[in-house]
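As a plain string of letters, each chain reads:
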Amino acid sequence: MVYIMKININKNYLNLKESYLFSDINKKVKAYKELNPNADIIRLGIGDVTRPLPKVISDAMSKASLDMSEKDTFKGYPPEFGYDFLRERIKSYYERYNVSLNLNDIFVSDGAKSDIGNLLDIFGNNTILIPDPVYPVYVDTNIMKNNNVIFINGNKENKFLPLPDDSLENKPYIIYICSPNNPTGAAYNYKELALWVSFAKKTGSLIIYDAAYEAFIQSSDIPHSIYEIEGGKDVAIEVCSFSKFAGFTGIRCGYTVVPSNIEVDGVYLNKLWGRRQSTKFNGVSYITQAGAYACLSDEGILECKKNLSYYMENAKLLKDFFLEKGLWFTGGISSPYIWLECPNGMSSWEFFQFLLEKCNVVGTPGAGFGKNGEGFFRITSFGTHEATKEAIERMKKVL
Ligand code: PLP
């Protein structure tokens with residue numbers, strides 16, 4: 001029996017579009033499998049890691065779990081902002097890129113997605129600039145808050161790296177930048193990112209910089225952190241994650257850097273975020289943080305990079321194949337994603353069906369990432385070498 005209450009809900013949630021992308025993909029694959037039970041489907045749509053954790057990390061987590069069973073090493077609630085041992089390691093990681101952070105600017109969390117959503121707690125209503133196509137979380141969390149969202153166009157002309165231009169008003173925005181980007185795999189170089197930093201300075205805007213894929217960067221031309229750009233610390237909050245770098249999608253750990261010098265309305269953002277976290281968040285488990293600490297040891301970084309290289313070998317195979325076929329794409333160099341223009345003017349769902357039926361290969365239609373994703377297709381390198389090679393062999397016959 002439905003029971004009707006009389007309290008108020010956040011009606012902004014009713015403005016969210018249902019997210020059918022992955023359920024539609026699964027439905028279509030299921031329907032195809034029912035008609036073709038012997039079809040050997042290869043999934044190149046996965047946005048999740050598949051390589052197991054390096055042993056150095058799982059060993060550290062096992063040891064930490066044993067610590068919890070001893071009187072002398074047992075730990076209760078963790079510090080809300082993260083153990084200093086991990087914050088120190090994160091600070092040292094940034095020093096690799098000549099970025100010097102204050103320990104108090106680093107807030108450890110259970111992942112980038114939560115931080116991206118939760119950050120909006122400390123802001124009032126603002127005008128939001130979001131590139132299209134985009135990681136859907138940026139848009140949906142702003143709809144939940146009834147913010148005015150303006151999209152900036154990523155397209156073939158700007159290689160899916162939109163830059164500030166005269167069409168934008170000279171007023172303050174919250175700007176979302178994800179580089180290397182999901183879904184397009186495109187990444188801003190130093191010069192391009194500097195244009196966003198100077199636009200933010202000129203307009204009094206804040207950049208929320210999502211560096212979840214920084215560990216995939218292979219080119220020295222591309223910054224790992226927005227704080228490598230002069231003035232970055234005056235205008236940007238940076239969100240990062242152990243998910244893709246270390247295979248932590250199932251373990252959950254990330255962090256957000258809120259520079260202590262940024263002030264709004266006489267209040268420091270760092271203080272506000274600290275207040276928000278200490279009120280609503282009780283920290284990340286000791287075992288998880290011990291694992292994250294091991295990721296950032298020299299050995300941990302080396303082992304994680306081996307997994308990343310595995311994915312990037314797949315990306316190279318795919319990239320070389322699409323190049324050979326003369327297809328247009330972005331990504332695949334400093335990113336696990338390849339963003340392909342659908343051949344012969346196909347829509348992204350037409351190409352999805354084409355690949356499914358002709359090659360038994362599944363990818364992700366670009367239309368699921370925004371209006372400008374129509375006509376494009378996301379292929380990922382998170383599969384095995386064998387599956388990736390087999391998919392390429394099959395695609396060779398029809399593309
Ligand atoms: N940011 C981007 C751009 C992502 O693609 C993802 C996950 O796919 C996340 C953040 C989420 O990261 P986490 O697993 O740390 O929540």
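Looking at the site of the ligand
Contacts to the ligand come from 14 residues, most closely from Asp210, Tyr213, Ser241, Ser243 and Arg252. At 2.7 Å, a backbone N or O of Ala112 approaches an oxygen atom of the ligand. Here a nitrogen atom of the ligand sits 2.6 Å away from a polar atom, N or O, in the side chain of Asp210. Burial of the ligand by the surrounding chains reaches 91%, relative to a free accessible area of 400 Å². Secondary structure elements with two or more residues in the shell around the ligand: helix H4 (112-118) and helix H8 (243-246). Classifying every residue of the shell around the ligand by side-chain character gives six nonpolar, four polar and four charged.

Concerning the pattern of salt bridges
Pairing between side chains becomes possible if they bear opposite charge and their charged atoms approach one another. Under the defined criterion, the tally for this structure stands at 16 salt bridges. When the shortest N-O distance is used, the salt bridge between Lys55 and Asp59 registers 3.0 Å. Residue Lys55 and its partner Asp59 are both found in helix H2 (residues 55-67); the two are separated by four residues, about one turn of the helix. According to the relative accessible area criterion, Asp59 is partly exposed, its value standing at 38%. For the salt bridge of Asp320 with Lys316, the shortest nitrogen-to-oxygen distance reads 2.7 Å. Note that Asp320 and Lys316 are positioned in helix H11 (residues 298-324) at a spacing of four residues, about one turn of the helix.

Concerning the side chain of Thr330
In this fold, Thr330 is placed in strand E11 (residues 329-331). A relative accessible area of 7% places Thr330 in the buried class. Those residues in contact with Thr330 that sit more than four places away from it in its chain are Lys159, Phe160, Thr184, Ala186, Tyr337, Ile338 and Trp339.

Here's the deal with unusual backbone geometry
Geometrically, the link from Asp132 to Pro133 is a cis peptide bond, its omega value of 10° lying close to zero. Following the sequence through the fold, Pro133 ends up in the loop between strand E3 (127-132) and helix H5 (136-143). Following Asn182, the chain continues into Pro183 via a peptide bond in cis, with omega recorded as 20°. The backbone of Asn98 sits at a positive phi, close to 60°, despite the residue not being glycine. Locating Asn98 in the fold gives a position in the loop between helix H3 (84-95) and strand E2 (106-109). Judged by its relative accessible area of 74%, Asn98 is exposed. Phi is positive for Asp265, which is not a glycine, with a value near 50°. By the element assignment, Asp265 lies in the loop between strand E9 (263-264) and strand E10 (267-268). With a relative accessible area of 77%, Asp265 lands in the exposed category.

Remarks on the environment of Phe382
Relative to the assigned elements, Phe382 resides in the loop between strand E15 (376-380) and helix H13 (385-398). Relative accessible area serves as the criterion here: at 0%, Phe382 is assigned to the buried category. Phe382 sits 337 residues away from Gly45 along the chain, and the two C-alpha atoms are 8.5 Å apart. Excluding its chain neighbours within four sequence positions, the residues that come into contact with Phe382 are Ile46, Gly47, Asp48, Val49, Thr50, Phe216, Lys244, Tyr311, Pro336 and Tyr337.

Here's the deal with the side chain of Thr127
One can find Thr127 in strand E3. Among the residues examined, Thr127 registers a relative accessible area of 13% and is labelled buried. Look past the residues within four positions of Thr127 in its chain and what remains in contact with it is Asn148, Ile150, Lys171, Pro172, Tyr173 and Ile174.

As for the sheet that holds strand E5 (residues 174-178)
If you walk across this open sheet you meet the seven strands as E2-E8-E7-E6-E5-E3-E4, and the pairing is mixed. Each having just a single partner strand, E2 and strand E4 (148-153) make up the two edges of the open sheet. Averaged over all adjacent pairs, the angle separating strand axes in this sheet is 20°, with direction ignored. Pairing geometry for E5 and strand E6 (residues 206-210), over five bridges, is parallel. Bridge assignment links Tyr176 to a residue of E6, and that residue is Ile208. Each of E2, strand E7 (236-241) and strand E8 (254-257) is contacted by H3, which is oriented at about 115° to E2, the strand it contacts most. Of the strands in this sheet, E2, E6, E7 and E8 are in contact with helix H9 (residues 269-280), which crosses E2 at around 25°.

Analysis parameters
- Residues numbered from 1 in each chain as written.
- Predicted model: local features only at pLDDT ≥ 70, side-chain atom pairs only at ≥ 80, totals over all residues.
- Heavy atoms only, no water.
- Near = heavy atom within 4 Å.
- Polar contact = N/O pair within 3.5 Å; in protein donor to acceptor, adjacent residues only side chain to side chain.
- Areas by Shrake-Rupley, 256 points an atom, 1.4 Å probe, with all protein chains shown as cover.
- Helix = DSSP H or I, 4+ residues; strand = E, 2+ residues; numbered from the N terminus.
- Nonpolar A, V, L, I, M, F, W, Y, C, P; charged D, E, K, R; others polar.
- Salt bridge = Lys/Arg side-chain N within 4 Å of Asp/Glu carboxyl O.
- Buried < 20%, exposed > 50% of the residue type's maximum accessible area, 1.4 Å probe, protein only.
- Contact = heavy atoms within 4.5 Å.
- Pairing = 2+ DSSP bridges.
- Axes fitted to C-alpha atoms, helices over the stretch in contact; angles between N-to-C directions.

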